[in-house]
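Report on the structure
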2 protein chains.
Amino acid sequence: MVVSEENQPTVEGDAAVSKKAAKKAAKAAEKQQKKADHKAASGQPQAESEPDISEGHYGTYKLLQSSGEHRDRVYTDVKDLTVGKNGQDVWVRARLQTSRAKGKQCFAVLRQTSTTVQLLVSVSEEKNVSKQLVKFVGNITKESIIDVYGTIVKTATPVESCTVSEVELVASEVWVVSAAKAQLPLQIEDAARPEKNDDPEALKIRVNQDTRLDNRVLDLRTPANQAIFRIEAGVCRLFRDILTKRGFVEIHTPKIISAASEGGANVFTVSYFKSSAYLAQSPQLYKQMAIAADFDKVFTVGAVFRAEDSNTHRHLTEFVGLDLEMSFKHHYHEVLDTIGQTFTDMFRGLRDEFASEIASVGQQYRVEPFKFLDPPLRLEFPQAIQMLKEAGVTVGEEDDLSTPDEKLLGRLVKAKYDTDFYILDKYPLAVRPFYTMPDPNNPKVSNSYDMFMRGEEILSGAQRIHDPEFLTERAKHHGIDISKIAAYIESFRLGCPPHAGGGIGMERVVMLYLGLDNIRKTSMFPRDPKRVTP
Amino acid sequence: MVVSEENQPTVEGDAAVSKKAAKKAAKAAEKQQKKADHKAASGQPQAESEPDISEGHYGTYKLLQSSGEHRDRVYTDVKDLTVGKNGQDVWVRARLQTSRAKGKQCFAVLRQTSTTVQLLVSVSEEKNVSKQLVKFVGNITKESIIDVYGTIVKTATPVESCTVSEVELVASEVWVVSAAKAQLPLQIEDAARPEKNDDPEALKIRVNQDTRLDNRVLDLRTPANQAIFRIEAGVCRLFRDILTKRGFVEIHTPKIISAASEGGANVFTVSYFKSSAYLAQSPQLYKQMAIAADFDKVFTVGAVFRAEDSNTHRHLTEFVGLDLEMSFKHHYHEVLDTIGQTFTDMFRGLRDEFASEIASVGQQYRVEPFKFLDPPLRLEFPQAIQMLKEAGVTVGEEDDLSTPDEKLLGRLVKAKYDTDFYILDKYPLAVRPFYTMPDPNNPKVSNSYDMFMRGEEILSGAQRIHDPEFLTERAKHHGIDISKIAAYIESFRLGCPPHAGGGIGMERVVMLYLGLDNIRKTSMFPRDPKRVTP
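Residues numbered from 1 in each chain as written. Chains lettered and ligands numbered in written order. Predicted model: local features only at pLDDT ≥ 70, side-chain atom pairs only at ≥ 80, totals over all residues. Heavy atoms only, no water.

**Here we look at the domain arrangement of chain A**
We apply this condition: Domain borders in the structure are assigned automatically or taken from a domain database.
For chain A, the assigned domains are domain 1 (59–65 + 72–178) and domain 2 (223–522). For domain 1 of chain A versus domain 2 of chain A, the distance between C-alpha centres works out to 48 Å.

Right under this line is the structure:
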């Protein structure tokens, strides 16, 4: 193990402090050294008597504590290692994805986010590269972060296995910045393996969902996951930007609430000082209060909690809600059209701005491109029932659609209209929450709608009742304790414009846009009835 | 009470349904009518035998259920009632802020968000305006939402009390869309009254904080509150946009966690199916795990929970955290400078994009414009201690600053450097969390920083320890149960770049940017130990 001189701790400040500090720092450095020695032991045996021409050009850094060493060193990103820079010497900090030492050479792959480049460490007198250095690199644990100083060299044939294929990096210095442990709980290459059935690769080891989630930090390093969560950030950004441009105001609603707002089922209880409270199942009541408070059009992005013991591919106990609410003048379709257009704009934004990320996900998962119409397709509930009936499924006019019905309907709609997104309007009143406005012409029907992606519901919304007496009547009808929603009902005694809105499950949007099969793939640290870690 | 014919329910759909529907709808309309009659009774006595030339031009709409009436009616916004449209007839939907009937005339103020215009209803044969109509308008309850059809008329002298001062609206039709109750728990004019001490208005009725919060929907309608929450939306948007432009990725971290991550104090417990869990006190561990998972630079905006029984002007039990974390190459000052620049850019954005909102807040609260430097001022802890010492306050070199110390320091910094924002670097290690990286040169000092606005802390941050053994040692030193943060520590066994970050309290930023005196003014529905409603 070699520590270059510039890595020695420096001592500054007044004498009294610095003496002590120096002592401590020296001790710390010694400790660090021991650890590094241990780590590097197999790579660079101290016993070897042969002189090492690479001495001082490799090893393990002591802990990077911002002491200011190398502060003028400029690093180059892997993606910027281009053939135009052939012959240039650069510093690169990246993960060692894989390495294979063979005699006097070691081939390795360096990875930065999802970009990769080949690293060649080859014994060379000219470059002062010793076989000890080659061996050292061959022994660096996979996924360690290393600093490499090397020359950008154009390759004779493209390196097919790397995203940077025209050049490789020929190293003359290699330093370990942060070592990964030797036995990783999963291999990135296994976690990243394509899931296509017709692929011979499919026979190789796969990593199951729980192993992935138990070791989420590693799992998230696959190209598909790097892409999924960048797309997810894009969904949120597009949602907010599109609505902000349309005059919506972002609000924040409390997650701790005094009463289970929507009937008391599926709600988590929180101990709140000497009393107890609940976790909000939606920002529903608050975004409506914001409308009553003259904010006119509002949206909110935040955590939503459901104490539902559902262990399915599409349920989480905590998810991110993209909620919006909007006053309207004449008809709730003003709102429905705004939401529909928001989706269309979002889908267009994803398609145009995230093409490479979508392709990355496609490398691992079979992804049919998401299809949508502009303006989006809107059907009415009776039409859906008719389509299902023609396909041999009977649904009552006051029944909700089951999940299999919804999926079948999605396929029928796709076949007939060639769209993966559509709006289903005019749900039966009986299957909607108490605050849903009934249809003025049919007491069994409501001014409510769901929106679907690839046959799964991703938004539920409606015109809300803005009349306090009628709202009270409907709440009682649903068996809701009026005293617990007093502040909510009171809002409508203060004058409130007609309004409608909806709530979107963010993780579902990302899952279904990408055609993934499990919502746990689109929640960075998912929560379900059986999982609250990591 | 008059219901115009076009307000009658129409019947559509197939015969069987429509018969029933028509019956129900008719019943509903009857009910509605009764209610409306009751409401409008004082305004439009049915007994009056005099013929009414305004019949059919005023009254209370039945509940707006999106039946499609008036669908082609175009409404004009109050802000668009300009002198250039003098003589035009328009429909306006707005709140009736105040009204004053006097014989054959009624003067009223219409309000839309924060814009206001004078409404004149005056008996006129030409316009078919009867004294019944004038009386009806005079009796509409304050804060009701009404539809007005009227003529835009240039006023002889500006209407000082309205934001639209060059024109007034002369009504020929007035309809109540949503009536407010007669006895409001607070008056908007009281809630909006300027708080300046030298103002004679100051002697008039004020509305105390609890009354405001108990009736938040009304309180939020004041021009200052309309502005505050638009500025707050701006703070979030600027924070995200600035970081997104710098290559940060937005992430979402779980709020339900399995163990109290930061020592166990001040944490809310949640019942989680047959077990229990906790509410996250910060996204700290998760954003660091995202860094270990190769996301390089991340931010997150979301709810943060503190079970602290602190009833002060600046503590909430639930607030919105603006958190960021970033890997760096050499020195945590790369991150510190990024955060500092983010604030500077945000302050500039607020100043440039929200001038009118800032002025609205200034109308009610005394707001000194917020001053900042570019680049921001950075001081080191010993400098702060020295400044305080010179001002007669002694702080130990390993002590934290008390709130009064911080405020005094803020005043000293303002006096010396003319900035309301500054960064205080290099806090004593003893007063920082276990995961804080110690200074390499002084074991009593850490690579950590706070940032201040008007002398109050709004960000706390640091370089984090990315070495698992050292982190374990420091956690033990802080008495933390290692088994409970196993997944967190494990992240650093998988290779992790050096990184630093910080967490910002959104409501504090808005409060201090605007110079407000209580954080409850910048939380739409604040939560403190004594308040979980509305």
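**Some points on the relation of the copies chain A and chain B**
Convention followed: Residues reaching a pLDDT of at least 70 in both copies supply the C-alpha atoms on which the copies are superposed by least squares. Here, residues are in contact when the closest pair of their heavy atoms is within 4.5 Å.
Its rotation angle being 180°, the transformation that places chain A on chain B also includes 0.0 Å of axial translation and leaves an RMSD of 0.0 Å. Taken together, the rotation and translation describe the operation of a two-fold axis. Considering only C-alpha atoms, the residue of chain A closest to the rotation axis is Val270 of chain A, which sits at 2.2 Å. Most of the interface of chain A is mirrored in chain B, where 100% of its interface residues again form contacts.

**Section: the interface of chain A and chain B**
The condition is simple: By buried area we mean the combined loss of accessible area, with a 1.4 Å probe, across both parts when two parts are placed together. By salt bridge we mean one thing: a side-chain nitrogen of Lys or Arg within 4 Å of a carboxyl oxygen of Asp or Glu. Two N or O atoms form a polar contact when they lie within 3.5 Å of each other; inside protein one atom must be a possible hydrogen donor and the other a possible acceptor, and for residues adjacent in sequence the pair counts only when both atoms belong to side chains. Three residue categories are used. Nonpolar comprises Ala, Val, Leu, Ile, Met, Phe, Trp, Tyr, Cys and Pro, charged comprises Asp, Glu, Lys and Arg, and polar comprises the others, including Gly.
Contacts between the two partners involve 120 residues from chain A, matched on the other side by 121 residues from chain B. Each partner contributes to the roughly 10200 Å² buried at the junction of chain A and chain B, and carbon and sulfur atoms together form 59% of this total. If you sort the residues of chain A by the area they bury against chain B, His252, His330 and Leu494 of chain A come out on top, with a joint share of 8%. On the surface where chain A and chain B come into contact, there are 8 salt bridges. Residue Glu490 of chain A pairs with Lys181 of chain B through a salt bridge whose shortest N-O separation is 2.2 Å. Summed over the shared surface of chain A and chain B, the number is 62 residue pairs in polar contact (both at pLDDT 80 or more). Of the residues contributing to the side of chain A that touches chain B, the split by class is 58 nonpolar, 28 polar and 34 charged.

**Quick look at the side chain of Asn215 of chain A**
Residues and elements named next belong to chain A. Inclusion rule: In this description a helix means any DSSP run of H or I spanning at least four residues, a strand means any run of E spanning at least two, and both kinds are numbered starting from the N terminus.
Along the chain, Asn215 turns up in the loop between helix 4 (209–214) and helix 5 (216–219). Side-chain polar atoms of Asn215 contact the backbone oxygen of Thr211, separated by 2.9 Å. In this view, Asn215 contacts Pro185 and Leu186; residues no more than four positions away in its chain are not counted.

**Section: unusual backbone geometry**
Spelled out, the test is: Exposure classes here rest on a 1.4 Å probe applied to the protein chains alone. A residue is buried below 20% of its type maximum, exposed above 50%, and partly exposed in between.
Backbone torsion omega between Asp374 of chain A and Pro375 of chain A reads 0°, so that peptide bond is classified as cis. Take Pro375 of chain A: it is sitting in the loop between helix 9 (355–364) and strand 13 (377–380). Put simply, Thr533 of chain B and Pro534 of chain B share a cis peptide bond, and its omega is -10°. Among the structural elements, Pro534 of chain B can be located in the segment after helix 14 (506–513). You will see that Asp418 of chain A, though not glycine, has its phi angle at about 55°, which is positive. Here Asp418 of chain A is to be found in the loop between helix 11 (403–417) and strand 14 (421–425). Look at Asp418 of chain A and you get partly exposed, because its relative accessible area is 39%.

**Focus: the sheet that holds strand 13 of chain A**
Residue and element names in this part refer to chain A. Selection criterion: Paired strands are those between which DSSP finds at least two bridges. Convention adopted: a line fitted to C-alpha atoms gives each axis, helices being fitted over their contacting stretch, and angles between N-to-C directions are expressed from 0 to 180 degrees.
Reading across from one edge, 7-11-12-17-16-15-14-13 is the order of the 8 strands in this open sheet, with mixed pairing throughout. The two strands at the open ends of the sheet, each matched to only one other strand, are strand 7 (249–250) and strand 13. Summarising the sheet, strand 13 and strand 14 pair through 4 bridges and their orientation is parallel. Counterpart to Leu379 in the pairing with strand 14 is Leu424. Contacts between helix 6 (residues 223–245) and the sheet are confined to strand 7, strand 11 (297–305), strand 12 (318–327) and strand 17 (499–505), with strand 11 contributing the most and set at about 155° to the helix.

**Observations concerning the sheet that holds strand 12 (residues 318–327) of chain B**
Residue and element names in this part refer to chain B. In space, the 8 strands of this open sheet follow the order 7-11-12-17-16-15-14-13, with mixed pairing throughout. The strands lining the two open edges of the sheet, one partner per strand, are strand 7 (249–250) and strand 13 (377–380). In the sheet, strand 14 (residues 421–425) pairs with strand 15 (residues 448–453) via 5 bridges, with the strands oriented antiparallel. Residue pairing across strands places Tyr422 opposite Phe452, the latter belonging to strand 15.

**A closer look at the environment of Asp89 of chain A**
All names here are of chain A. Summarising the element assignment, Asp89 is placed in strand 2 (residues 89–102). Residues Asp89 and His57, 32 residues apart in the sequence, show an inter-C-alpha distance of 15 Å. Engagement of the side chain of Asp89 in a polar contact is seen with the side chain of Thr151, the distance being 2.6 Å.

**Let's talk about the packing of aromatic side chains**
To be explicit about the condition: Stacked, edge-to-face and tilted labels apply to pairs of Phe, Tyr and Trp rings (six-membered ring for Trp) whose centres lie within 6.5 Å, assigned for plane angles under 30 degrees, over 60, and everything in between, in that order. A positively charged side chain is recorded as over a ring if its NZ (Lys) or CZ (Arg) lies within 6 Å of the ring centre. The angle to the ring normal must also be within 35 degrees.
Inspection of the entire model under this criterion finds 44 aromatic pairs over all chains. Relative to Phe295 of chain B, the ring of Phe229 of chain A has its centre 6.4 Å away and its plane inclined at 85°; by these criteria the two rings are edge-to-face. Linking Phe229 of chain A in helix 6 with Phe295 of chain B in helix 7 (residues 284–295), this pair reaches from one chain into another. For the pair shown, Phe229 of chain A and Phe295 of chain B are each scored as buried. A ring pair is formed by Phe343 of chain B and Phe421 of chain B, whose centres lie 4.9 Å apart and whose planes are at 35°; its orientation type is tilted. In this pair, Phe343 of chain B sits in helix 8 (residues 333–353) while Phe421 of chain B sits in strand 14, placing the two residues 78 residues apart along the sequence. In this structure Phe343 of chain B comes out as buried when scored by relative accessible area, which is 1%. Judged by its relative accessible area of 1%, Phe421 of chain B falls in the buried class. Every member of this aromatic cluster is reached through a ring pair, and the members are Phe343, Phe347, Phe370, Phe372, Phe421 and Tyr513 of chain A. Over the ring of Tyr427 of chain A we find Arg432 of chain A, and its NZ or CZ is 4.4 Å from the ring centre.

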